[in-house]
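# Structural characterization, general
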Amino acid sequence: MNAYVSYFRPEIDNMTGYTPGEQPKGAPVIKLNTNENPYPPAPGVKKTLEAFQYEKLRLYPDPLALEVRAEIAAMTGFTPGNIIAGNGSDDILTIATRCFTDVHRPMACFDPTYSLYPTLAGLQGARCIRIPLREEFEMPGDALEQARNANLFIIARPNAPTGNLFPKAKMEEICAKFNGIVLIDEAYADFSRDNCLDFVRKYPNVIVSRTFSKSRCLAGLRFGFAVAHEKIIDGMMKMKDSYNVPMLTQKLALASLWDRNYFDTCVAKVKATREALTIALRGLGFKVIDSDTNFVFAAPPIDAKNYFLDLKRRNILVRYFPAARTCAYVRITIGTPEEMTELLNVTKELIGKQ
Ligand SMILES: *Cc1c(COP(=O)(O)O)cnc(C)c1O
């Protein structure tokens, strides 16, 4: 056989690819590492799944996902023409990167933020301008100036993995003045004090993306959407895979939207648990960033990497990001109150040991 020769574009060969959080198989763990919701999806989702006629899978899904887009439009006060559905919101991020960046059109994003953004730019062969956040992960005053050469500025708000919420007035200033697309990734907005959906009405260069993976307890379903000016949605529809949202995903996403009360209850429970965990961790000497999400970003009073590894040995999985800006912290997903009690008990032992 001939020796292997790479035919990949050099940017693909030279990159490492995105590393998702671990999905453990086997031994039961308390899984607090990928911001999944600890509660099951809405009962209506179960009913719809059970009533689903499996023979229908023979057919292609609606390529335009019209029913679910119409429901989202009704709920948000927009029209279906303002909504695009995605295979998770990661699909939306990929579509946007492909639409708005290339070798001549860089992306901009903060550092630290969701590490998928620079990976997507790399895959596209686009430069990614990283804008360092200040102490406490606040936005720098000259963010607009630093991003000025980019054509796409992706901002996670609330930010991940830090959990904080950039001031809405600063966001609006960026939307009004940035000469390019501002994509506001609102994956965690349902857990947050406010959101930026209203900017879509005022600024034709703004895209707001959302996901069903966190607040709707449906990470396995892969459903996300974005809201933007009709012209932007039209262009993104050209770029997406024809059948990017599976039939079952469309049906179950719709069922989730109909169960409004379940959704509200779930989100309220997670927020209450988040507040209690924040107080408890601070009581143990952790530095905890104020969170508007379903996780907390917390610096333990002991070495963070050892704390992460020790928790793992005790079958509690959290996330550790070894980069310089984040290596003193762990990211802990909000679980059930029982899971948080177990986490705190083990934590007390580990801190006592040092
Ligand atoms: C979880 C997450 C997403 C992606 O969620 P999907 O499961 O692909 O919908 C997007 N952005 C941020 C910041 C996230 O944390």
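First, a word on what this report is: a plain description of the structure on this page. Here the structure is a predicted model, which is why all the values come from computation and not from measurement.

Further remarks concern the state of the cysteines. Here the structure, examined in full by the defined rule, presents 0 disulfides. Free cysteine: Cys196, not disulfide-bonded; nearest cysteine sulfur from Cys175 at 6.5 Å. Its relative accessible area of 0% is what places Cys196 among the buried residues.

Time to look at the packing of helix α4 (residues 89–100) against helix α9 (residues 230–239). Taken N-terminus to C-terminus, the directions of α4 and α9 make an angle of 100°; their axes are 9 Å apart at the nearest point. Considering the angle they form, α4 stands roughly perpendicular to α9. Across the interface between the two elements, Ile92, Ile95, Ala96, Arg98, Cys99 and Phe100 from α4 touch Ile232, Gly235, Met236 and Met239 from α9. Counted by class, the contact of α4 with α9 contains 8 nonpolar, 1 polar and 1 charged residues.

Now for the environment of Glu342. Structurally, Glu342 can be placed in helix α13 (residues 337–353). C-alpha of Glu342 to C-alpha of Pro112: the two residues are 230 residues apart in sequence and 29 Å apart in space. Excluding its chain neighbours within four sequence positions, the residues that come into contact with Glu342 are Ile30 and Ile316.

If you look at the biggest cluster of nonpolar residues, it comprises 52 residues, and the most contacted ones within it are Phe110, Phe153, Ile184 and Phe223. Tallying contributions element by element places helix α10 (residues 247–258) first for this core, with 5 residues. Residues contacting Phe153, with those up to four places away along its chain left out, are Ala108, Cys109, Phe110, Ile131, Ala147, Ile174, Phe178, Ile181, Val182 and Leu183. Within the second largest apolar cluster, 35 residues are counted, among which are Cys217, Val296, Phe308 and Leu344.

A cis geometry characterises the amide bond from Asp111 onward to Pro112, with omega recorded as 5°. When you line up the elements, Pro112 lands in the loop between β3 (107–111) and α5 (116–124). Each neighbour pair has its own omega, and for Ala160 with Pro161 the value is 5°, a cis peptide bond. Phi at Glu136 takes a positive value of approximately 65°, unusual for a residue other than glycine. In this model, Phe137 sits at a positive phi of 65°, which is unusual for a non-glycine residue. Note on placement: Phe137 falls in the loop between β4 (128–132) and α6 (143–146).

This brings us to the sheet that holds strand β8 (residues 224–227). What the 7 strands build is an open sheet, ordered β2-β8-β7-β6-β5-β3-β4; its pairing is mixed. Looking at the sheet topology across the chains shown, the edges are occupied by β2 (83–86) and β4. Between one strand axis and the next, the sheet turns by 25° as a mean value, whatever way the strands run. Summarising the sheet, strand β5 (residues 152–156) and strand β6 (residues 181–185) pair through 5 bridges and their orientation is parallel. Within β6, the residue paired with Ala156 across the bridge is Asp185. Contacting β2 and β8, helix α3 (residues 66–76) runs over the sheet at an angle of about 130° to β2. Contacting β5, β6 and β7 (206–211), helix α7 (residues 168–177) runs over the sheet at an angle of about 150° to β6.

So, on to the packing of aromatic side chains. Within this structure, the stated rule accounts for 15 aromatic pairs. Ring centres of Phe286 and Tyr307 lie 5.5 Å apart, and the angle between their planes is 70°; on these two criteria the pair is classed as edge-to-face. Taken together, the residues span a long stretch of sequence, with Phe286 in the loop between α11 (260–283) and β9 (287–288) and Tyr307 in helix α12 (residues 304–313) at a distance of 21 residues. Feature note: the residues Phe110, Phe153, Phe166 and Phe178 constitute an aromatic cluster, connected by ring pairs. Above the face of the Phe78 ring, Arg201 is positioned so that its terminal group lies 4.1 Å from the ring centre.

Here β4 shows a clear split, with Ile129 and Ile131 buried on one side and none of Cys128, Arg130 and Pro132 buried on the other. In terms of strand pairing, β3 meets β4 through 5 bridges, oriented parallel. By the bridge assignment, Asp111 is partnered in β4 with Pro132. Between the parallel pair β3 and β4, the chain is carried across by α5, and the sense of this crossover is right-handed.

A word on α7. Owing to its 3.6 residues per turn, the α-helix aligns residues three or four sequence positions apart on the same side. For α7, the full list of buried residues reads Met171, Ile174 and Cys175. End-on, the buried residues of α7 take up no more than an arc of 100°, which puts them together on one face. Turned more than 90 degrees off the buried face of α7, the exposed positions are Ala169 and Lys177. Its buried side turned inward, α7 meets α6, β5, β6, α8 (199–202) and β7.

The rules behind the values
Residues numbered from 1 in each chain as written. Predicted model: local features only at pLDDT ≥ 70, side-chain atom pairs only at ≥ 80, totals over all residues. Heavy atoms only, no water. Disulfide = S-S within 2.5 Å. Buried < 20%, exposed > 50% of the residue type's maximum accessible area, 1.4 Å probe, protein only. Axes fitted to C-alpha atoms, helices over the stretch in contact; angles between N-to-C directions. Helix = DSSP H or I, 4+ residues; strand = E, 2+ residues; numbered from the N terminus. Parallel < 35°, antiparallel > 145°, perpendicular 65-115°, else oblique. Contact = heavy atoms within 4.5 Å. Nonpolar A, V, L, I, M, F, W, Y, C, P; charged D, E, K, R; others polar. Core = buried A, V, L, I, M, F, W, Y, C linked by side-chain atoms within 4.5 Å. Pairing = 2+ DSSP bridges. Phe/Tyr/Trp six-rings, centres within 6.5 Å; stacked < 30°, edge-to-face > 60°. Lys NZ or Arg CZ within 6 Å of the ring centre and 35° of its normal. Right-handed = clockwise from strand over helix to strand, strands pointing away. Arc of directions from axis to C-beta.

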